[in-house]
Amino acid sequence: MEKVKARRVITNQREIKKRIEKDLDLYCQKAIELGASDARVVSAKDVVVDERVRLKCAMPHCHLYGSSPNCPPYTPTPDEVRKALCRYKYAILFKHDVLPKEDFVDPQQWLKGHEKHQKMTHKIASALESLAFNDGYYLAMGFAAGGCKTALCGGLPCQFLDSGRCRFPLMSRPSMEGMGIDAFGLAAKVGWEIYPVAHKNVDQDSISCAVSVGIVFVH
Ligand code: SF4
């Protein structure tokens, strides 16, 4: 495998401005190469952190609540997240089309079907974060979708909570929603078609597509 080249860290804002536009475009291209169906540069100002999003993990309790350090209640509070994220200017928002949509939408197929799609979101988020980090954006930070217990560990008990040794230390990430980020709102704001997927008593034909969304804050 070709080795990644590290770039010197610079702090001169004028120099960063000169190169960041090209870098952000490259990260969008890279997301597509890695399997995303679309990727956009978004202003970090457009990312909303909302207490209600994180609360939705607990009410009603998600089956993954407390199942790994990447899910609430272990994730940072919305206040902490908001304070940290407002220090960034740019992020890459990407989506992966879930095909067939039944992998998310069908109540039975979803049980195992969703895992590979959310794994892909973890892979893209961690790969873009690593690329940006090595390009000198040393505070780059990526978030994925769903819980890593099912997306990466196939439902096995979390090894990090058990012994402090994550099975996928470089790939596992909190979800956007677990950090309190309004992922639905942001996806809709950039024009992507996105539906709530609640399974029971929902007419599946009313949901024309399903997506898994992730984000990487670059600088
Ligand atoms: S061991 Fe698995 S469930 Fe636990 S943090 Fe790592 S990826 Fe997530």
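If you check an unreviewed UniProt entry, the protein chain appears there as DUF2284 domain-containing protein from Candidatus Hakubella thermalkaliphila.

Here we come to the layout of surface pockets. Its volume calculated, the largest pocket comes out at about 1400 Å³. Along its surface, the largest pocket is lined by 39 residues, and C62, Q118, E177, F184 and V197 are the ones closest to its centre. Elements with a minimum of two residues in the lining of the largest pocket: α2 (51-56), α5 (110-134), α8 (183-189) and β4 (211-217). Taken together, the residues of the lining of the largest pocket sort by class into 24 nonpolar, 10 polar and 5 charged. In this structure, the second largest pocket encloses a volume near 490 Å³. Lining the second largest pocket are 14 residues; nearest its centre among them are V4, K30, A127, S130 and L131. Of all the elements in the fold, those that place two or more residues in the lining of the second largest pocket are α1 (13-33) and α5. Top element by residues in the lining of the second largest pocket is α1. It accounts for 5 residues.

As a further point, take the pattern of salt bridges. Applying the stated criterion across every chain, the model contains 12 salt bridges. A salt bridge links E33 to K30; its shortest N-O distance comes to 3.5 Å. In this pair, E33 and K30 both sit in helix α1, 3 residues apart, roughly one turn of the helix. A salt bridge links D97 to K95, with the nearest nitrogen and oxygen atoms 3.4 Å apart. Since its relative accessible area comes to 12%, K95 is described here as buried.

Analysis parameters
- Residues numbered from 1 in each chain as written.
- Predicted model: local features only at pLDDT ≥ 70, side-chain atom pairs only at ≥ 80, totals over all residues.
- Heavy atoms only, no water.
- 1 Å grid on protein atoms, 1.4 Å probe; cavity = no way out; pocket = protein on both sides within 12 Å on 5 of 7 lines; lining within 4 Å.
- Points joined across faces, edges and corners; volume = space filled by probe spheres on them.
- Helix = DSSP H or I, 4+ residues; strand = E, 2+ residues; numbered from the N terminus.
- Nonpolar A, V, L, I, M, F, W, Y, C, P; charged D, E, K, R; others polar.
- Salt bridge = Lys/Arg side-chain N within 4 Å of Asp/Glu carboxyl O.
- Buried < 20%, exposed > 50% of the residue type's maximum accessible area, 1.4 Å probe, protein only.

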